[in-house]
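Close look at the chain arrangement
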Amino acid sequence: MKKLKILFVVLLGCFSFSAIVAADPSSQGTSMDNPPKQSSKTTQLHLKRASNRPNSPSRVGIECVYGEGFIEFSLPESVFSLSVTISNDTEEWYGFVTRYDFIQELPIGLSGEYSVECTAEDGRIYIGSIVY
């Protein structure tokens with residue numbers, strides 16, 4: 001009976017700890033001051049090829065989640081930081097993201113299609129587009 005009580009207390013403690021960790025926003029890799037993502041969209045940035053020859057799609061890519069006023073990058077293990085350029089015919093935005101600071105604020109009110117070009121620290125260039 002005593003062993004059953006000890007087992008019950010240990011299981012209850014584990015359950016309580018997991019509930020605290022799940023409720024902690026810092027355990028999710030984001031913070032409370034990050035922009036809300038209710039109307040976010042996702043796109044994949046692909047590795048830019050040096051030649052114009054058609055190739056199979058790159059297996060290495062960067063997932064990009066964006067919405068009104070923010071853009072977030074999921075960096076692969078081989079990439080620590082990116083220099084980011086977002087542009088269209090009339091405007092350009094520059095930013096820098098790292099594995100630990102992967103969300104950037106964007107100007108509010110963007111509309112239309114924008115090209116995204118990210119240059120990694122090793123010189124690799126990832127390209128794609130986003131549409132607001």
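What you are looking at is a predicted structure, and each value in this text was computed from that prediction instead of being measured. Residue numbers run consecutively from 1 along every chain, following the written order of its sequence. Two thresholds apply to this predicted model, a pLDDT of at least 70 for residue-level local features and 80 or more for giving and counting side-chain atom pairs, whereas whole-chain, interface and lining totals are computed over all residues. Each side-chain value is derived from all of the structure's non-hydrogen atoms; neither hydrogens nor water enter the calculation.

1. Topic: the overall build of the chain
Secondary structure counts use DSSP, requiring at least four H or I residues in a row for a helix and at least two E residues in a row for a strand, with both numbered from the N terminus. The helix and strand tally for the chain stands at one helix and eight strands. The order of α-helices and β-strands along the chain, N terminus first, is α-β-β-β-β-β-β-β-β. Here the chain holds 132 residues, and the buried ones make up 30% of them. The contact criterion used throughout is that any non-hydrogen atoms of two residues lie within 4.5 Å. Taking the contacts inside the chain whose residues are at least 6 apart along the sequence as the reference set, 48% of them involve residues at least 24 apart. A 1.4 Å probe and the Shrake-Rupley method give the accessible areas. Residues count as covered only by the protein chains that appear here. Carbon together with sulfur atoms contributes 58% to the accessible area of the chain, which is approximately 9100 Å² in total. The buried label applies to any residue whose accessible area, calculated with a 1.4 Å probe on protein chains only, is under 20% of its type's maximum; exposed applies above 50%, and partly exposed to all values in between.

2. Quick look at the side chain of Ser 87
Mapped onto the elements, Ser 87 comes out in strand 4 (residues 81–87). Once you skip the residues sitting within four places of it in the chain, Ser 87 turns out to touch Glu 92, Tyr 114 and Ser 115.

3. Thoughts on the sheet that holds strand 4
By way of backbone hydrogen bonds, the strands of a sheet pair with one another, either parallel or antiparallel. What the eight strands build is an open sheet, ordered 5-4-7-8-1-2-3-6; its pairing is antiparallel. Pairing within the sheet leaves two strands with one partner each, and these edge strands are strand 5 (92–98) and strand 6 (103–105). Taking each pair of neighbouring strands and ignoring which way they run, the sheet shows an average axis angle of 25 degrees. In this analysis, strands are considered paired if DSSP registers two or more bridges between them. Sheet topology places strand 1 (residues 41–47) next to strand 8 (residues 125–131); two bridges connect them, and they run antiparallel. Note on method: axes are straight lines fitted to C-alpha atoms, helices fitted across the in-contact stretch only, with angles between N-to-C directions ranging 0 to 180 degrees.

4. What to know about the state of the cysteines
A pair of sulfur atoms, both from cysteines and within 2.5 Å, is called a disulfide here. Tallying each qualifying case throughout the model produces zero disulfides. Of all cysteine sulfurs in the structure, the one in Cys 118 sits closest to Cys 64, which takes part in no disulfide; the separation is 7.0 Å. The class of Cys 64 is buried, set by a relative accessible area of 0%.

5. Quick look at the side chain of Thr 43
As for its placement among the helices and strands, Thr 43 is situated in strand 1. Exposure remark for Thr 43: the relative accessible area of 19% places this residue in the buried category. As used in this structure description, the phrase polar contact means that two N or O atoms lie within 3.5 Å; if the pair is within protein, one of them must be able to donate a hydrogen and the other to accept it, and residues adjacent in sequence are counted only when both atoms belong to side chains. Among the polar contacts made by the side chain of Thr 43, one reaches the main-chain carbonyl oxygen of Ser 129 at a distance of 3.5 Å. Sequence-distant contacts of Thr 43, that is, excluding residues within four places in its chain, are made with Ile 62, Glu 63, Cys 64, Tyr 66, Ser 129 and Ile 130.

6. Details of the pairing of strand 5
Here strand 4 runs beside strand 5; their pairing, made up of seven bridges, is antiparallel. Bridge pairing in strand 5 places Ser 83 opposite Phe 96. The loop that links strand 4 with its antiparallel partner strand 5 comprises four residues.

7. Remarks on the nonpolar core
Among buried residues, the Ala, Val, Leu, Ile, Met, Phe, Trp, Tyr and Cys ones that are joined through side-chain atoms within 4.5 Å form a nonpolar core. If you look at the biggest cluster of nonpolar residues, it comprises 21 residues, and the most contacted ones within it are Phe 73, Leu 82, Val 84 and Ile 86. Contributions of two or more residues to this core are made by strand 2 (61–67), strand 3 (70–74), strand 4, strand 5, strand 7 (113–120) and strand 8. Element by element, the count of residues in this core is highest for strand 7, at four residues. Sequence-distant contacts of Ile 86, that is, excluding residues within four places in its chain, are made with Ile 71, Glu 91, Glu 92, Trp 93, Leu 106, Tyr 114, Ser 115, Val 116 and Ile 130.

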